[in-house]
Amino acid sequence: MDAADVVASLLILGIIIVSLLSNVVVLICFLYNPEIRKQVPALFILNLSFCNLLQSVSNMPLTLFGIVTSGHPGGSGFCQIVGFLDTFLTTNSMLSMAALSIDRWVAVVFPLSYHSRIRHRDAVLALAYTWIHSMCFSAVATCRSWLGYNHLYASCTLCSVRAKAAGKQFIVFTVALHCLTFLLTLIVMCVTYLKVLKVARSHCKRIDVITMQTLVLLVDIHPSVRQKCLEEQKRRRQRATKKISTFIGTFVVCFTPYVITRIVELFSPGPINPHWGVFSKCLAYSKAASDPFVYSLLRYQYRKTCSLLANKALKRSSLNSSSIRVENKARTTAVNCNATVSIQPPTTQPMKAIICRDVYQTQDGRLTSL
């Protein structure tokens, strides 16, 4: 391996670790907190975390193996199964992001009628569509034997070498796949989140007007208080913009290089640098590691649940360690007492044994005999 392969291997290894830990935490929060389970967006986040977690244990390790060994991970049939999962999970995760953006648009634009517009049944139907949509493209690629090991990405995925005989059919399929997944999701996210940003700014503007009118009426208010109010208004506007930019920005940065490379691969007469292909694949994988932080773990309910779980685990470990220390101390005391008994005259042994037993029982808190 050269230096670029070493960097790519370390990058994928880090992505695997972060993705596994963060997505498992999201699933634990979903199972532990009943309030999260009641929310409709939690179903989309659950589906997204499931896809990311499955990709972290199936596709990413095989890509790491392909980079390290520069070889084919497994047989042709095994690679087709992994390629099926790669197409299915990537498509499913993208559509889940589009569903999340639609849900947030309805929640912000129609807050009073949100619960009547978006219900659990509607979320289940949307998830069923994402699964059927993803399954159709993956099944077509599998039936046409267009899945295999692609050396450009060092992974089992759509392989243009295996699809040379198909000619225009493979080109149409690949373009349709990316248009109906990446491009469709990007358009939906841009339209919905920009409308959300517009509504959020209008709400902030109304709040700012009310605040300024109140500040004008309160003529005796200290200038520092006015300055703090104005700074808080500015931070509120910036916070809304940062959130929208994060949602759209992470999607574009992670998936755009990979999709563009895929399209260029179809029409490029010359070979593409394999280091760039692996790097674009790593960026696509990094979305699985960033999704838990973008969509869930930085939210209040998830952070609260994580802190409760952490405090509970730390409290349990501290109790266990304290009980172990008490038990060890009691055993030490008992041993010392037994040693004292052995050097005393026979008439004092029963009394010493009773004293040692009382000390052991008092420190341990349980009615156990020596």
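For the structure given in this document, a descriptive report is provided here.

Some words on the packing of aromatic side chains
No. 1: A complete count under the given rule lists 13 aromatic pairs for this structure.
No. 2: Relative to phenylalanine 170, the ring of tryptophan 146 has its centre 5.4 Å away and its plane inclined at 80°; by these criteria the two rings are edge-to-face. Placement of tryptophan 146 in the loop between α6 (120-143) and β1 (147-150) and of phenylalanine 170 in helix α7 (residues 168-217) is noted, with a sequence separation of 24 residues between them. Each of the two residues, tryptophan 146 as well as phenylalanine 170, counts as buried.
No. 3: Three or more aromatic residues link up through ring pairs in this structure, and these residues are Phe50, Phe84, Phe88 and Trp131.

Notes on a nonpolar patch on the surface
No. 1: A contiguous nonpolar surface patch, about 450 Å² in accessible area, is contributed by Val6, Leu10, Leu13, Ile17 and Leu21.
No. 2: Tracing the backbone through its elements, the reader meets valine 6 in helix α1 (residues 3-32).

Quick word on the packing of helix α4 (residues 76-109) against helix α9 (residues 274-297)
No. 1: Their axes nearest at 12 Å, the elements α4 and α9 cross at an angle of 35°. Between α4 and α9 lies a crossing whose hand is left-handed. Along its contact with α4, which presents Asp86, Met97, Leu100 and Arg104, the element α9 presents Lys281, Tyr285, Lys287, Asp291 and Tyr295.

Conventions we followed
- Residues numbered from 1 in each chain as written.
- Predicted model: local features only at pLDDT ≥ 70, side-chain atom pairs only at ≥ 80, totals over all residues.
- Heavy atoms only, no water.
- Phe/Tyr/Trp six-rings, centres within 6.5 Å; stacked < 30°, edge-to-face > 60°.
- Helix = DSSP H or I, 4+ residues; strand = E, 2+ residues; numbered from the N terminus.
- Buried < 20%, exposed > 50% of the residue type's maximum accessible area, 1.4 Å probe, protein only.
- Patch = residues over 30% accessible without salt bridge, like charges linked within 9 Å, V, L, I, M, F, W, Y side chains within 5 Å.
- Areas by Shrake-Rupley, 256 points an atom, 1.4 Å probe, with all protein chains shown as cover.
- Salt bridge = Lys/Arg side-chain N within 4 Å of Asp/Glu carboxyl O.
- Axes fitted to C-alpha atoms, helices over the stretch in contact; angles between N-to-C directions.
- Left-handed = near helix turned anticlockwise from the far one by under 90°.
- Contact = heavy atoms within 4.5 Å.

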